[in-house]
Amino acid sequence: SQEVKATLQSYGKFLHTSAVLCSSFDHEYLHRSRIPTYHFQNSLPRLPVPELEKSCQRYLNAQLPLVSEAEHKELQKVVAEFQAGKGQELHKQLVATDKENKHTNYVSDLWFDMYLKDRRPIVLTHNPFVTFTDDPRPEYNTQLIRSANMLISSVRCMKTLRDEMLEPEVFHLNPAKSDTNTFRTVTRLLPSSVSWYGAYLFKAFPLDMSQYKRLFNSCRIPRPERDELYTDKHAKHVLVMRKGNCYVFDVLNKDGNIIPEEEILAHLQYILSDTTPGPEFSVSTLTSDFRDPWTQARQQLLEADPANEQKLRAIEGAMFGVCLDDDQPTDPNEITRSFLCGDGINRWYDKSFQLVFPKSGMAACHFEHSWGDGVAVLRYIREVFKDSTENACIHPETRAAPNAGSSEKVKRLDFTLTPQLKDTITKAKQRFDEATGSLDMHHLQYFKMTKKDLKKTKLSPDSVMQLVIQLAHYKLYHKNRGTYESCSTSAFKHGRTETVRSCTAATAAMCEKMYGQTGSKSSVAELMDGLRACSNTHGQLTKEAAMGHGFDRHLFCLKNLAEKEGMSLPMFTHPAYAHLNHIILSTSTLTDPAVVMGGFAAVTPDGFGVGYGITDDHIGFNVTTYPACNVRDFISCCEKALDDIHTVIQAASKS
Ligand code: BUJ
């Protein structure tokens, strides 16, 4: 019986230890994926270099609705000459370089250059935002509770990813077949050199995970000519900003475990109640400036005081930024302004991403774009939303740790500034206020037609949204203009995005039918045929883009090569090329239960930045413009176009 007792005792101990381990695992990580995070990375397919002839043809197709017949004929000659001559040479060169760089794809380096060599300010030019859905428990939507829970979930997400336990991102064509334990067991056992093929047999497509390495602990750093992406894998702290003051504190202890949540709460509470006024000259404002003055100012900061360097490094290497704002925007346009632009003070725009919390407890993610795209950011958003709403460890009744030692552990980073730096900051702030002040925004929520309704009619919901955008613009200006729809190519190694040219001959015909001279004469059947034609063409273009068979990135690379060789080619110097690439309608969409809103700035002074979403419940638009365009008129035209399409669909269903 002694033996039995001992066995039982040690079994008890074992149970106790595993319970502790299990709960500490739950505390430290989001989950433990059965498939390691980067398991498919080695065998991901490579982005194809499209055939030159196909890209030329696709380019000409995209030009069809934008130029006159005579201009198109002339363009055909220019393209034919390129295709038979210099284009061939450049294409061969591109293919050869691609073959020598099997670890990546033919666009990747140039795409990083496109972002990192851009000397314009990153605010408005590139950084977008995405707003989280509120916590379904209203009492958790206070600035302190929400920020604490999301901060903790983000740290869990960082650890899960760092320890390669984050489930790889997989696109399941048939989730019933592949989003299963069998799929995970089988593909896990395959060596990573062939694991992608195993997934493919289940009709599941693992996506590129390379961007995730720069999600946390990362920052863009201004450098002469080309900025740098910096990552400090070992950082244990987060950056918190309030009133333009930068604070850092460790969220991991020396063993790499998350510090007690009551301590995190205490640190945030300490920052929120710190009465230190914001700095008169906020260094963070420099991150909103053109990249050259910021590069120079950063150098001057280093020279002004050696301690400045450590402070900059602390900010740049922090896991992520948390911005605790003092405002409380309620109107959706003001919310967009706050999350997209901020005040130029309480943000470090270069951080890979920042969580922004106004006083209300609302939450958004504002991100720098050079390191990654929507797919990676959305994954982070989904994970953090899920974890912070389902496994929150800060509750309304949670009390902050009384002996957290916040006054010592939370460090406020005050910079030493020279008069010259103060002057640069003042100018940067003036520039920021002018630029952001000129941005206008408006939104629409439309409930008469939903994703479900469109699916019933067998029309692709995205094609209808894109048509609405074309119709709205046509109604205002009576012409077709360069349109960009962002499409992910993350099914390929290091894949980023391709452009869907969603202004097509089919949408142009539909614009003419609905709002042109001959408009009112079309019958319901004709209009329905037009809607189907738009849907089919758009579906085809989207499929091609996602498979790496668009033309934009291919021509972008060929043009770059030509410039490097000092060639001036009519293909790229022809005004029609610039016209197509002067993007008037820049569009992007995200649909996920964790997201309510999102947006980005128009990419041209006379263009529109159109964020949109379509769910089973409603359709949403969030649009930005500069003074050359009227965003309210555009939104009214979107509503009118939605109404008109709705009427056509209803009439067709009755006939
Ligand atoms: O294409 C690319 O390479 C990157 C693009 C660039 N650009 C934004 C200029 C098109 N980047 C993205 O597409 C990321 C954008 C992330 C924000 C997307 C916002 C989507 C809005 C969603 C919901 C709007 C609903 C409003 C309801 C009132």
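Now for a quick tour of the structure. Starting from 1, residues in each chain are numbered consecutively following that chain's sequence as written. Restriction of local features to residues with pLDDT of at least 70 applies here, the model being predicted, together with a cutoff of 80 or more for giving and counting side-chain atom pairs; totals for whole chains, interfaces and linings are based on all residues. Computation of side-chain values covers all heavy atoms of the structure but excludes hydrogens and water.

Here the focus is the overall build of the chain. Summing up its helical and strand segments, the chain has 24 helices and 18 strands in all. Once the C-alpha set of the chain is aligned to its principal axes, its extents read approximately 90 × 75 × 55 Å. Three labels apply to residues, based on accessible area from a 1.4 Å probe with only protein chains included: buried if under 20% of the type maximum, exposed if over 50%, partly exposed otherwise in between. Looking at the chain as a whole, 56% of its 655 residues are labelled buried. Any two residues whose heavy atoms approach within 4.5 Å are treated as being in contact. Long-range pairs, those at least 24 residues apart, make up 78% of the contacts in the chain between residues at least 6 apart in sequence. The method behind every accessible area is Shrake-Rupley, applied with a 1.4 Å probe, and residues are considered shielded solely by the protein chains displayed. Carbon together with sulfur atoms contributes 54% to the accessible area of the chain, which is approximately 28,100 Å² in total. Under the scheme used here, helices are H or I runs from DSSP no shorter than 4 residues and strands are E runs no shorter than 2 residues, and both carry numbers assigned from the N terminus.

Further remarks concern the site of the ligand. In the vicinity of the ligand lie 21 residues, with His369, Tyr484, Ser486, Thr497 and Ser588 positioned nearest. Between the ligand and the protein, one listed contact pairs an oxygen atom with a side-chain N or O atom of tyrosine 484 at 2.6 Å. Here a polar contact means two N or O atoms within 3.5 Å. Within protein one must be a hydrogen donor candidate and the other an acceptor candidate, and residues neighboring in sequence count only if both atoms are side-chain atoms. Within the side chain of threonine 497, a nitrogen or oxygen atom sits 2.6 Å from an oxygen atom of the ligand. Within the complex, 92% of the 730 Å² of free accessible area of the ligand lies under protein. Broken down by secondary-structure element, the contributors of at least two residues to the shell around the ligand are β12 (440-446), β13 (483-488), β15 (585-589), β16 (595-599), β17 (608-614) and β18 (619-625). The residue classification treats Ala, Val, Leu, Ile, Met, Phe, Trp, Tyr, Cys and Pro as nonpolar and Asp, Glu, Lys and Arg as charged. All others, Gly included, are polar. Here the residues of the shell around the ligand sort into nine nonpolar, twelve polar and no charged. Near residues are defined by distance, with any heavy atom within 4 Å of the molecule or strand qualifying the residue.

Quick look at the packing of aromatic side chains now. Side-chain rings of Phe, Tyr and Trp, where Trp is taken by its six-membered ring, are said to pair if the distance between their centres is within 6.5 Å; with planes under 30 degrees apart they count as stacked, over 60 as edge-to-face, and otherwise as tilted. One pass over the full model with this rule turns up 22 aromatic pairs. Arranged with centres 4.4 Å apart and planes meeting at 45°, the rings of phenylalanine 353 and tyrosine 380 form a pair that is tilted. Here phenylalanine 353 is found in strand β9 (residues 353-357), whereas its partner tyrosine 380 is found in helix α14 (residues 374-390), with 27 residues between them in sequence. Judged by its relative accessible area of 1%, tyrosine 380 is buried. Should the NZ of a Lys or the CZ of an Arg lie within 6 Å of a ring centre and within 35 degrees of the ring normal, that charge is described as sitting over the ring. The side chain of lysine 159 reaches across the aromatic face of tyrosine 29, ending 5.0 Å from its centre.

Turning our eyes to something else, we now look at the sheet that holds β17. Two modes of strand pairing occur in sheets, parallel and antiparallel, and in both the strands are linked by backbone hydrogen bonds. When DSSP locates at least two bridges between a pair of strands, those strands are taken to pair. The strand order across the open sheet built from six strands is β12-β18-β17-β15-β13-β14, with neighbouring strands paired in mixed fashion. Strands with a single pairing partner mark the edges of an open sheet, and in this sheet they are β12 and β14 (497-500). Ignoring which end each strand starts from, the neighbouring axes of this sheet average 25° apart. The strands that helix α18 (residues 461-477) touches are β13, β15, β17 and β18; relative to β17, the one it contacts most, it runs at about 145°. Axis lines are fitted through C-alpha atoms, for helices just across the contact stretch, and the angle between N-to-C directions can take any value from 0 to 180 degrees. Against the sheet, helix α21 (residues 552-564) makes contact with β13 and β14, and its axis sits at roughly 110° relative to β14, the strand it touches most.

Right, let's get into the environment of phenylalanine 357. In this structure, phenylalanine 357 sits in strand β9. Put simply, phenylalanine 357 and serine 338 are 19 residues apart on the chain and 9.9 Å apart in space, counted from C-alpha to C-alpha. Discounting chain neighbours no more than four positions away, the residues touching phenylalanine 357 are Gln143, Arg146, Ser147, Met150, Val322, Cys323, Leu324, Asp325, Met362 and Ala363.

Here the focus is a negative patch on the surface. Each patch is built from residues that are more than 30% exposed by relative accessible area and take part in no salt bridge. Like charges join if they lie within 9 Å; nonpolar side chains (Val, Leu, Ile, Met, Phe, Trp, Tyr) join within 5 Å. Throughout this description, the term salt bridge denotes a Lys or Arg side-chain nitrogen within 4 Å of a carboxyl oxygen of Asp or Glu. In this charge count, Lys and Arg are treated as positive and Asp and Glu as negative; neither His nor the chain ends contribute. Each charge is placed at NZ for Lys, CZ for Arg, CG for Asp and CD for Glu. Taken together, the side chains of Asp327, Asp331, Glu334 and Asp343 define an acidic patch exposed on the protein surface. Tracing the backbone through its elements, the reader meets aspartate 343 in the loop between α13 (332-340) and β9.

A few words on the pattern of salt bridges. Scanning all chains against the criterion turns up 44 salt bridges. Residue arginine 137 is joined to aspartate 135 by a salt bridge in which the shortest nitrogen-to-oxygen separation is 2.9 Å. Judged by relative accessible area, arginine 137 falls into the partly exposed class, the value being 23%.

Moving on: the nonpolar core. Ranked by size, the top nonpolar core spans 59 residues in total, and within it Leu151, Phe320 and Tyr380 carry the most contacts. When residues of this core are assigned to their parent elements, the largest contribution, ten residues, is made by helix α6 (residues 143-162). When sequence neighbours within four positions are dropped, the list of residues in contact with tyrosine 380 reads Ser154, Cys157, Leu215, Phe216, Phe353, Leu355 and Cys365. Core analysis: the second largest hydrophobic core is formed by 43 residues, Ile619, Cys638, Ala641 and Leu642 among them. For our purposes a nonpolar core is just a set of buried Ala, Val, Leu, Ile, Met, Phe, Trp, Tyr and Cys residues, chained together by side-chain atoms within 4.5 Å.

Here aspartate 113 lies in helix α5 (residues 108-116). Ignoring any residue separated from it by four or fewer positions in sequence, one finds aspartate 113 in contact with Asp118 and Arg226.

A sheet is described by the order of its strands in space; here eight strands give the open sequence β11-β7-β6-β8-β9-β10-β1-β16, paired in mixed fashion. One side of each edge strand has no neighbouring strand; the edge strands of this open sheet are β11 (411-413) and β16. Between one strand and the next, the sheet's axes are offset by a mean angle of 25°, whatever the strand orientation. Here four bridges tie strand β1 (residues 129-132) to β16, and the two strands are oriented antiparallel to one another. Across the sheet, the residue bridging to valine 130 is glycine 598, located in β16. Docked against the sheet, α13 engages β1, β9, β10 (364-367) and β16, running at close to 120° with respect to β1.

Once that is clear, we can look at the packing of helix α2 (residues 52-63) against helix α3 (residues 69-84). Viewed as axis vectors pointing N to C, α2 and α3 meet at an angle of 165°, and their least axial separation amounts to 11 Å. What the angle tells us is that α2 and α3 run roughly antiparallel. As α2 runs across α3, the sense of the crossing is right-handed. In this structure, α2 uses Leu52, Glu53, Cys56, Tyr59, Leu60 and Gln63 to contact α3, whose residues at the interface are His72, Leu75, Gln76, Val79, Phe82 and Gln83. Residue classes in the contact of α2 with α3 are distributed as seven nonpolar, four polar and one charged. For classification, angles of less than 35 degrees are called roughly parallel, those exceeding 145 degrees roughly antiparallel, those between 65 and 115 degrees roughly perpendicular, and all remaining angles oblique. Throughout, a crossing is termed right-handed when the near helix is turned clockwise from the far one, and left-handed when it is turned anticlockwise from it by less than a right angle.

The subject of this paragraph is the side chain of histidine 366. Along the chain, the position of histidine 366 falls in strand β10. Judged by its relative accessible area of 1%, histidine 366 is buried. Polar contacts involving the side chain of histidine 366 include one to the side chain of asparagine 127, which spans 3.1 Å.

Helix span is expected to be 1.5 Å times the residue number reduced by one. Over its 16 residues, α3 extends 23 Å from the first C-alpha to the last, a length consistent with the 22 Å expected when each residue adds 1.5 Å. Where α3 is buried, its residues touch α2, α4 (86-100), α21, α22 (570-573) and α23 (575-580).

A few words now on the state of the cysteines. Throughout, disulfides are identified as pairs of cysteine sulfur atoms within 2.5 Å of each other. This model, assessed by the stated rule, comprises zero disulfides. Left without a disulfide partner, cysteine 219 is nearest to the cysteine sulfur of cysteine 246, which lies 11 Å away. The buried category is assigned to cysteine 219, whose relative accessible area is 2%. As a non-bridged cysteine, cysteine 393 has cysteine 157 as the owner of its nearest cysteine sulfur, 15 Å distant.

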